[in-house]
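A closer look at the structure
Here's the letter readout for the chains.
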Amino acid sequence: MRITVLGSLLACLCGASMLQAQVRQEHGAALDSTGAIRVYSLAGQVTVEAWNRDSIHIVAIVPRGARLQAGGTRSAFKLNTYEGMPETIPVVHLHVKVPRRAEVWVKTSSAPIAVRGLKGTVDLYTIEGAIEATGNPDALRIETMRGEVAVSGTPKWLRVRSGSGDVRFAGEALDLALSTVSGRITTPAGTGRGRVESVSGDVTITGLPGRGAPLEVDSHSGSVRLRVTARPDASFVVFSARGAISNALSSASPRTSGQSGAELQFTSGSGAARITIRTFTGGVWLNAAPPARDPRNR
Amino acid sequence: MTHHPAEATLHALVDGELSPSAAVTLEAHVAACAECAATVASLERLARMAARAPSEVLPPEASWPAISDAIRTTAQVAMERPVWSRVARLRRSMRTSASRALAAAVVIVLLGTAAGIHALRTSGVEPTPRITTAGERTARDESLALGELLRELEARRPLLAPQTISTVEAQLRAINDAIEATQQALEADPRNPHLAAMLEHSRRSREQFLRTTLSLAAEL
């Protein structure tokens, strides 16, 4: 009992000390509706949220002694959170509100990045922080070494490159390119052209691209699962050098391709969409799935 | 845009690698800036010349050993450095400097890439080819591109956290294994277009991975 009480007291003191060690800073500035914002932050958290004002508003929780460098013009604004503490990595929690169509660029080391509601161009880079992006940006580019990536919404142009982090996309993209080395990829097919690549990560794709649009999937040792409606309107070319090919969409069977591997080709409907899947040792599964319900009709 | 963009950005514009909005912004700058317009025109000329160049043309055979030696020297320099003592120091000082937290993995990248290049040299290309195949040309072009990346990495020499080092090492190994396995399969079945496409994909993945590593490590 005594130990519990002492422990609680110690925890309270530590908590109070940590709170005292952090300082809340706020900044605000006018910014054009399509102004550019660059944010550098190493550790902590970065959240960028759209709002319907031509200004930028920053709330930062920074360690005592750290200086938040924030400044710029109406067309460009820069935030830098590691000024003033060259000998340590400041853990900074940043919450930034920006004009909805602003051009946003964020780079962190371990800080997770979250962006919400943006409609302009968004570039997010992190070594190991998780990235969560929701909204309908014109262009969204994400690069990470180890961070997990979750994107939802309708970015027109989407590019994600990840090393070991998983990539999950839920929504619609007109132009889609997702690649990982060992991370898993889960995505719908883009409405336009799509390219999905992994070296060893498994790939799961739901649905088909639009009429005439190509979808190319390459994985060396990851499995590829494509789930589409029972009677897809698409032409399929599937190759695997060493992996199994399972086709539940038609009666077509894989045949030997060249001196190595197996190839499956068939057309369903008018062959509107063009699907190409290649693996080396990874298996390929073409499955029929019930059509997804349109969330807007719920 | 009031300042001049970096030349690398102009390269990206000419190569069509920028996002649509970034391209529009940059094109607006180039239209109003004689200096950048001249650079872009020069890069476009270079791209046109490269496109017209016969694909059979390769760097003179005599130059290849020099390139190869340069790459080996770079790797040797990296190996001769007290890598792991540096890593140990980094671990101790991890909390003191973010930029230092990035060093060791670059060494791993250098070693892994050099090993990959060495593997390409030794496994995929004949010592003195008279007639070159598409695969051989690709391997050489890739080696040259990787050499550039090595130099960039050497110049920046940023530091990565130990866990990231492991990730970089494991991923380069996975990509190199994929390239090697696909290359062997293609040698056995050289007319298979799927294998050729997969080899190209794996090579591109390695280059993209190195570029991403460089990009993420820069400016932090």
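Keep in mind that this is a model prediction, so the values were computed, not measured.

Another aspect to go through is the packing of helix H8 (residues 162-188) of chain B against helix H9 (residues 193-217) of chain B. All names here are of chain B. Contact geometry for H8 and H9: axes closest at 9 Å, N-to-C directions at 160°. Overall, the two elements H8 and H9 adopt an arrangement that is roughly antiparallel. As H8 packs across H9, the resulting crossing turns out to be left-handed. Here Val168, Gln171, Leu172, Ile175, Asn176, Ala178, Ile179, Thr182, Gln183, Ala185 and Leu186 of H8 come into contact with H9, specifically with Leu195, Ala196, Met198, Leu199, Ser202, Arg203, Ser205, Arg206, Phe209 and Leu210. When its residues are assigned to classes, the contact of H8 with H9 shows 13 nonpolar, six polar and two charged.

If you walk through the whole model with that rule in mind, you get three cavities of 30 Å³ or more. Taken as a whole, the largest cavity holds about 130 Å³ of empty space. Along its surface, the largest cavity is lined by 14 residues, and A:Ser162, A:Ser179, A:Val181, B:Ser205 and B:Phe209 are the ones closest to its centre. Elements with a minimum of two residues in the lining of the largest cavity: strand E14 (157-162) and strand E16 (175-180) of chain A together with H9 of chain B. Ranked by residues supplied to the lining of the largest cavity, first place goes to H9(B) with four residues.

Turning our attention to the interface of chain B and chain A. Tallying the contact residues gives 43 residues for chain B and 49 residues for chain A. At the boundary of chain B with chain A, total buried surface from both sides reaches about 3,600 Å², with 59% on carbon and sulfur atoms. Across the contact surface, chain B and chain A share one salt bridge. Residues A:Glu197 and B:Arg204 are paired through a salt bridge, measuring 2.6 Å at the closest nitrogen-oxygen approach.

We now examine the nonpolar core. Most often, soluble globular proteins have nonpolar side chains that are buried together. Core analysis: the biggest nonpolar cluster contains 61 residues, and A:Leu94, A:Leu124 and A:Leu286 have the highest contact counts within it. Taken together, domain 1 (22-121) and domain 2 (148-292) of chain A each give at least three residues to this core, which thus spans both. Excluding residues that lie within four positions of it along the chain, A:Leu124 makes contacts with A:Val106, A:Ile113, A:Val115, A:Ile131, A:Ala133, A:Leu140, A:Arg141, A:Ile142 and A:Glu143. Counting residues in each nonpolar core, the second largest holds 26 residues, with A:Phe280, B:Leu186, B:Leu195 and B:Phe209 among its members.

A few words on the confidence of the model for chain B. Residue and element names in this part refer to chain B. On average, residues of chain B score 63 in pLDDT, and 46% of them reach the 70 mark or higher. Here residues 70-113 is a poorly scored stretch, pLDDT under 50, and it has 87 contacts once near neighbours within four places are set aside; other chains count. Across the whole predicted complex the pTM is 0.70, and at the interface the ipTM reaches 0.81.

Entries for chain A in the domain assignment read domain 1 (22-121) and domain 2 (148-292). Each of domain 1 of chain A and domain 2 of chain A has a C-alpha centre, and the two are 37 Å apart.

Here a ring pair, both rings aromatic, is described through the centre-centre distance and the interplanar angle of the planes. Residue and element names in this part refer to chain A. By the definition in use, this model includes three aromatic pairs over all chains. Judged by centre distance (4.6 Å) and plane angle (15°), the ring pair of Phe236 and Phe266 falls under stacked. You can see Phe236 sitting in strand E22 (residues 234-240) and its partner Phe266 sitting in strand E25 (residues 262-268), a full 30 residues away along the chain. Comparing Phe236 with Phe266, the two get one shared label, buried. By the ring-pair criterion, three or more aromatic residues cluster together here, those being Tyr40, Trp105 and Tyr125. Sitting over the ring of Trp51, Arg53 keeps its end group 4.6 Å from the ring centre. Positioned above the aromatic ring of Trp285, the side-chain terminus of Arg225 is 4.2 Å from the ring centre.

Rules used throughout
- Just so you know, the residues in each chain are numbered from 1, in the order the chain's sequence is written.
- For naming, the first written chain is A and the first written ligand is 1, with later ones following in the order written.
- Restriction of local features to residues with pLDDT of at least 70 applies here, the model being predicted, together with a cutoff of 80 or more for giving and counting side-chain atom pairs; totals for whole chains, interfaces and linings are based on all residues.
- By convention in this description, side-chain values take in all heavy atoms of the structure and omit both hydrogens and water.
- Each axis is a line fitted through C-alpha atoms, and for a helix only the stretch in contact is used; angles between axes span 0 to 180 degrees, taken between their N-to-C directions.
- Numbering of helices and strands runs from the N terminus, with a helix taken as a DSSP run of H or I at least four residues long and a strand as a DSSP run of E at least two residues long.
- An angle below 35 degrees is read as roughly parallel, one above 145 as roughly antiparallel, one from 65 to 115 as roughly perpendicular, and any other as oblique.
- What makes a crossing left-handed is the near helix being turned counterclockwise from the far one by less than a right angle; a clockwise turn instead makes it right-handed.
- Contact criterion: two residues are considered in contact whenever any of their non-hydrogen atoms come within 4.5 Å of each other.
- Polar here means any residue outside two lists: the nonpolar Ala, Val, Leu, Ile, Met, Phe, Trp, Tyr, Cys and Pro, and the charged Asp, Glu, Lys and Arg; Gly therefore counts as polar.
- Site definitions follow a grid-based scheme: protein atoms alone, a 1 Å grid, a 1.4 Å probe that fits but cannot get out for cavities, and for pockets an open set with protein on both sides within 12 Å along at least five of seven lines, plus lining residues having an atom within 4 Å of a point.
- Grid points are joined across faces, edges and corners, and a volume is the space filled by probe spheres set on the points.
- Computed with a 1.4 Å rolling probe, the buried area is the accessible surface lost when two parts are put together, summed over both parts.
- In what follows, salt bridge is the name for a side-chain nitrogen of Lys or Arg lying within 4 Å of a carboxyl oxygen of Asp or Glu.
- Think of a nonpolar core as a cluster: buried Ala, Val, Leu, Ile, Met, Phe, Trp, Tyr and Cys residues, connected wherever their side-chain atoms sit within 4.5 Å.
- To sort residues, take the accessible area from a 1.4 Å probe on protein chains only and compare it with the maximum for the residue type: under 20% means buried, over 50% means exposed, and anything in between is partly exposed.
- By convention here, the domain bounds are inherited from an automatic or database domain assignment.
- Across the chain, each position has a pLDDT score giving the predictor's confidence in that residue, from 0 to 100.
- Each aromatic pair joins two rings of Phe, Tyr and Trp (for Trp, the six-membered one) with centres within 6.5 Å, and gets the label stacked for planes under 30 degrees apart, edge-to-face for over 60, and tilted for any other angle.
- Here, a charge over a ring is recorded when the distance from Lys NZ or Arg CZ to the ring centre is within 6 Å and its angle to the ring normal is within 35 degrees.

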